[in-house]
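Now for the letters of each chain:
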Amino acid sequence: MATDIKDTVHPVDATAVLGLLPARPRLLALGEPTHHEDALLDLRNELFRQLVEQGGYRTIALESDCLAGLIVDDHVTSGTGTLDEVMAHGFSHDWGTCAGNRELVRWMRAYNDGRPASEQVRFAGFDGPLEISHAASPRQALTALHDYLAARADADLLPCTAETLDRLLGSDEQWTEPAAMMDPTRSVGRSAEARRLRLLADDLAALLDTQMPHLIASSSRDEWDRARLYARTATGLLRYHHWMADTSPGRMAWLVGVRDQMMAHNLLALAERGPVFVYAHNSHLQREKSSMRMGEKPVEWWSAGALANARLGDDYAFVATALGTIRHQGVDAPPPGTLEGLLYGLPEDRCLVDPRRLTTALGGTRPAHRESPWFGYASLDPSHLESIDGIVFVKDVPQS
């Protein structure tokens, strides 16, 4: 069996990854089982460079704030801002502190320098403006959407004035109240003002659609794409805040579901302009239902990847990453009966595994699901093998 498993292994490069797929997908997703490890980000960067140079990919989308990501995209395409400023303000979830992300932005800017816009690489965050402790105020998205429409659409069609939006939004601090994540009564998501804002956001988004021919003709492609992003973000944030104020048993399932719905809508919009390389946690990209424990209760939801896959079929591909050790986090060598344990016995420090051939090599046996000794690392579920297009295995992750 060991010889058969060795026969499922390829080098980790763009040619091998694309070789596992029936055709080049519009969304090629690479998942990670833990965050903020530069060894994984360096591997991602290397693969993205190869996909740009050999596979025709021009956009990378990360699990980071979609509105903040516009700062990064402006920098890599036109040099706006310094690298330090971009890293400080263009990322969420502390991603701007990672050396691997800094190197990605630096390389993208260098690659684009002197190239025409049609050949440039683009950056996108595809997460909502959300943190684990709170959600952003909808002010930025709503105001930007209203400004775009006010400059181009018939004033009589606008459902409200900018002053009305400002009054209804109130202070941003009430929207970002950290206590609201654990205490729904601290959320403003179901106030009279929030309910009115949801209706106005829906009408503004509808106006964007009903006036599409005129708006496209009077805008650049980037202006139109950003207006659509503002509309998706405004309606998604207001929906998220609505469910933050909920007290029913389904509250957390709604919150994680709405987050991944926002992610999926952003990915599908990005895919309209060409093939996209996506990087996020495995749980946001897998085809199978995702789950986690919140206190004593398990929460399940369909990930952004599952939602995108349902729309795109073969135009969506998912490559998961599995790890052997993260010793600086207490994750030591995996037990031999687990999936990671089988792969840990391979001689390669990192490799790409064909899960279909691996399933054949294993015969009727199913490896055990590795128990993670650290909450920040999620091991790969062996029952998902049939729904994964490839596995990147990294034997040992050094401290960043």
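Residues numbered from 1 in each chain as written. Predicted model: local features only at pLDDT ≥ 70, side-chain atom pairs only at ≥ 80, totals over all residues. Heavy atoms only, no water.

The next point concerns the state of the cysteines. According to the stated counting rule, one finds zero disulfides in the structure shown. In this structure C66 is not part of a disulfide, and its nearest cysteine sulfur, from C98, lies 19 Å away. In this structure C66 comes out as buried when scored by relative accessible area, which is 3%. (Disulfide = S-S within 2.5 Å. Buried < 20%, exposed > 50% of the residue type's maximum accessible area, 1.4 Å probe, protein only.)

So, about the pattern of salt bridges. Taken as a whole and assessed by the stated rule, the structure comprises 22 salt bridges. Among the charged side chains, a network of salt bridges with common partners joins D73, D74, R122, D222 and R226. (Salt bridge = Lys/Arg side-chain N within 4 Å of Asp/Glu carboxyl O.)

It is worth spelling out the packing of aromatic side chains at this point. In the structure shown here, the tally under the stated rule is six aromatic pairs. Between the aromatic rings of F48 and F277, the centroid separation amounts to 6.1 Å while the plane-to-plane angle is 10°, which identifies the pairing as stacked. Of this pair, F48 sits in helix α3 (residues 38-55) while F277 sits in strand β5 (residues 276-281); the two residues are 229 residues apart in sequence, bridging distant segments of the chain. In this structure F48 comes out as buried when scored by relative accessible area, which is 0%. The exposure class assigned to F277 is buried, which follows from its relative accessible area of 1%. Above the face of the Y279 ring, R44 is positioned so that its terminal group lies 5.1 Å from the ring centre. Sitting over the face of the ring of Y344, K395 holds its NZ or CZ atom 5.5 Å from the ring centroid. (Phe/Tyr/Trp six-rings, centres within 6.5 Å; stacked < 30°, edge-to-face > 60°. Helix = DSSP H or I, 4+ residues; strand = E, 2+ residues; numbered from the N terminus. Lys NZ or Arg CZ within 6 Å of the ring centre and 35° of its normal.)

All right, on to helix α6 (residues 99-112) then. A rise of 1.5 Å per residue sets the reference length of α6, with its 14 residues, at 20 Å; its end C-alpha atoms lie 20 Å apart and thus fit the reference within 8%. Restricting attention to buried positions, one finds in α6 the residues G100, N101, L104, V105, W107, M108, Y111 and N112. An end-on view of α6 places all buried positions within 165° of arc, on one side of the element. Where α6 is buried, its residues meet α3, β3 (59-65), α4 (69-78), α5 (83-89) and β4 (122-127). G114 sits one or two positions beyond α6 and adopts a positive phi of about 85°. (Expected span 1.5 Å × (residues − 1). Arc of directions from axis to C-beta. Contact = heavy atoms within 4.5 Å.)

Our focus in this paragraph is the sheet that holds strand β10 (residues 390-396). Ordered by their spatial adjacency, eight strands build an open sheet running β1-β9-β10-β8-β2-β5-β3-β4, and the pairing between neighbours is mixed. Taken across any chain shown, the strands that pair with only one partner, and hence form the sheet edges, are β1 (9-10) and β4. In this sheet, strand β8 (residues 316-325) lies alongside strand β2 (residues 27-32) in parallel orientation, the contact comprising four bridges. Looking at β8, one finds that A29 is bridged to F318. The strands touched by α3 are β2, β3, β5, β8, β9 (350-353) and β10; relative to β5, the strand with the most contacts, the crossing angle is about 170°. This element, α6, spans β3 and β4 of the sheet and lies at about 140° to β3. (Pairing = 2+ DSSP bridges. Axes fitted to C-alpha atoms, helices over the stretch in contact; angles between N-to-C directions.)

Now for the packing of helix α7 (residues 139-150) against helix α12 (residues 221-244). As a packed pair, α7 and α12 sit with axes 8 Å apart at the nearest point and diverge in direction by 140°. The angle between α7 and α12 places the two elements in the oblique class. When you trace α7 past α12, the crossing you get is left-handed. Where α7 abuts α12, its residues A141, L142, A144, L145 and Y148 lie against E223, W224, A227, Y230, A231, T233, A234 and L238. (Parallel < 35°, antiparallel > 145°, perpendicular 65-115°, else oblique. Left-handed = near helix turned anticlockwise from the far one by under 90°.)

This next bit is on unusual backbone geometry. Unusually for a residue other than glycine, H36 sits at a positive phi of about 65°. Turning to its location among the elements, H36 is positioned in the loop between β2 and α3. Notably, D94 is not glycine yet its phi reads approximately 65°, a positive angle. Turning to its location among the elements, D94 is positioned in the loop between α5 and α6. Judged by relative accessible area, D94 falls into the exposed class, the value being 57%.

By domain assignment, the protein separates into domain 1 (1-132 + 264-397) and domain 2 (135-248). Here the C-alpha centre of domain 2 lies 30 Å away from the C-alpha centre of domain 1. Between domain 1 and domain 2, the residue contacts involve 14 residues of the former and 16 residues of the latter. For the pair domain 1 and domain 2, the summed buried area comes to about 1300 Å², and 54% of that belongs to carbon and sulfur atoms. There are four salt bridges connecting domain 1 and domain 2. Put simply, domain 1 and domain 2 have five residue pairs in polar contact (both at pLDDT 80 or more) between them. For the side of domain 1 that touches domain 2, the secondary-structure elements that each account for two or more residues are α4 and α13 (251-271). (Domains from an automatic or database assignment. Buried area = accessible area lost by both parts, 1.4 Å probe. Polar contact = N/O pair within 3.5 Å; in protein donor to acceptor, adjacent residues only side chain to side chain.)

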